[in-house]
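# Architecture and fold: a report
What follows is each chain in one-letter form.
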Amino acid sequence: MLKSHNDTRLGCRSVLRVKRSAIEHNVKELFRYSGKKLIAVVKSDAYGMGVRYIAPILRELPEVDSFAVACVDEGVFLRELGIKGEVLILGGILPEEIEAVKEYELTPVVSDPEHLKVLGKEDIKFHIKYDTGMGRLGFVEEFIEDPRIVGVMSHLSTPADEKFSREQIKKFEEIVRRYKGRLKIHLESSAGVIYKVPYTTHIRVGLALYGEKPLRYYPLDLKPAVSLEARLLSVKEVPKGFPISYGRTFITQRRTKIGVVAFGYADGLMKSLSNRGYLLHKGLRLPIIGNITMDMTILDLSGTDIKVGDWVTVVNEERTFGELAREAGTIPYELMCNVSSRVKREVI
Ligand SMILES: *Cc1c(COP(=O)(O)O)cnc(C)c1O
């Protein structure tokens, strides 16, 4: 079963807030821009945001056609949340998963001959995936015909590369043309929507739901939907020449007011931000000093009147996961998925 946070826990030391109105806005904007309904990708606990909070928001929106997750277990969890309609299992189907797929009426994406073998003669509808240049899942040279196919998909590997993406779009069009009947055809992820592919029927999006831009230049008007804050556990002054945190990688250059915030790498703050990144308090940048530890991070609070119990900001509308990712040398997806289940989730 999906690891998830316990609703009864106080969780008062860090909180991830999801703004319902921003998610609704982003869904409508994706629909407006593409003219297509959404297959909402909520794999990996809705990108770490908490699928039990995100899926109920999305299912109320007429622009959301259906949901997609990575594996059968995540699909079962969506059903247990009361999600109806098609639930796509992007990662195919393995032999021991067939019973759950039948029982919970999940829709596997077939991308390997072995998946077809698992399905055997079972009456299970599925989508078929072609690899047009992603180099991951999907048929490359075979063409699969089967009356149980209700959807055809592919995936762009490099949406920022227009030339390569157009080649993938063309290859996929040639495949799609060979299918008859009313099928769901989907290719565009959050970044891919910029191509406005004329022959697809749905877009398959995750990241943009949260207002995170998948490309530096992104023509959609998204609203950041997530904030992440944690509380200060201790504030004190230390003398000049004082070592900070494990390994003494930072030595104070002057008398310094330091704050210890209840948010460490176990909560999702990459250790690579040690001595480089910053957190925020009312727009003020608070430098991270010393090594980030599992549960705590040390900040330079000199010149501020910040007190124990105050909240500091990890992510907000100006400083999105995308910004933080740039500072940490990674992508917003990775940071989001790393937000720990012990961080309390709230929908506002
Ligand atoms: C995760 C995933 C998506 C969603 O991608 P975003 O960039 O988050 O919109 C779409 N398609 C496939 C196959 C995926 O694995």
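See the structure above.
In this text the structure is predicted, and so the values were computed from the model without any measurement. (Residues numbered from 1 in each chain as written. Predicted model: local features only at pLDDT ≥ 70, side-chain atom pairs only at ≥ 80, totals over all residues. Heavy atoms only, no water.)

Taken as a whole and judged by the stated rule, the model has 24 salt bridges. Between Lys170 and Glu174 there is a salt bridge, with its nearest N and O atoms 3.3 Å apart. Taken together, the positions of Lys170 and Glu174, both in helix H7 (residues 162-177) and 4 residues apart, correspond to about one turn of that helix. A salt bridge links Glu327 to Arg319; the nearest nitrogen and oxygen atoms lie 2.9 Å apart. For Glu327, a relative accessible area of 22% puts it in the partly exposed group. Here the residues in one salt-bridge network are Arg17, Glu229 and Glu346, joined through shared partners. (Salt bridge = Lys/Arg side-chain N within 4 Å of Asp/Glu carboxyl O. Helix = DSSP H or I, 4+ residues; strand = E, 2+ residues; numbered from the N terminus. Buried < 20%, exposed > 50% of the residue type's maximum accessible area, 1.4 Å probe, protein only.)

Within the secondary structure layout, Glu63 lies in the loop between helix H3 (51-59) and strand S3 (64-69). Within polar-contact distance, the side chain of Glu63 engages the side chain of Lys28 at 3.2 Å. Apart from residues no more than four positions distant in its own chain, Glu63 is found in contact with Val27, Lys28, Phe31, Lys37 and Leu38. (Polar contact = N/O pair within 3.5 Å; in protein donor to acceptor, adjacent residues only side chain to side chain. Contact = heavy atoms within 4.5 Å.)

Let's shift gears to the layout of surface pockets. Each pocket or cavity is described by its volume, and for the largest pocket that value is around 1100 Å³. What lines the largest pocket is a set of 43 residues, among which Ala191, Leu207, Pro214, Ile331 and Tyr333 lie closest to the centre. When contributions to the lining of the largest pocket are tallied by element, the ones reaching two or more residues are helix H2 (43-47), strand S9 (202-205), helix H8 (321-328) and helix H9 (332-337). Sorting elements by how many residues they give to the lining of the largest pocket places H8 first, with 4 residues. Taken together, the residues of the lining of the largest pocket sort by class into 22 nonpolar, 11 polar and 10 charged. (1 Å grid on protein atoms, 1.4 Å probe; cavity = no way out; pocket = protein on both sides within 12 Å on 5 of 7 lines; lining within 4 Å. Points joined across faces, edges and corners; volume = space filled by probe spheres on them. Nonpolar A, V, L, I, M, F, W, Y, C, P; charged D, E, K, R; others polar.)

A word on the packing of aromatic side chains. Tallied over the full model, the rule gives 7 aromatic pairs. Relative to Phe139, the ring of Tyr130 lies with its centre 6.3 Å away and its plane at 55 degrees, an arrangement referred to as tilted. Given a relative accessible area of 3%, Phe139 falls into the buried group. A centroid spacing of 4.7 Å and a plane angle of 45 degrees characterise the contact between Phe143 and Tyr179, whose relative ring orientation is tilted. Pair noted here: Phe143 is in the loop between strand S6 (126-129) and strand S7 (149-153) and Tyr179 is in the loop between H7 and strand S8 (184-186), with a separation of 36 residues, a long-range link. Given the relative accessible area of 21%, Phe143 is considered partly exposed. For Tyr179, a relative accessible area of 13% corresponds to the buried category. Through pairs of rings, three or more aromatic residues link up here, namely Tyr130, Phe139, Phe143 and Tyr179. A cation over an aromatic ring shows up here: Lys196 above the ring of Tyr33, its NZ or CZ 3.9 Å from the ring centre. (Phe/Tyr/Trp six-rings, centres within 6.5 Å; stacked < 30°, edge-to-face > 60°. Lys NZ or Arg CZ within 6 Å of the ring centre and 35° of its normal.)

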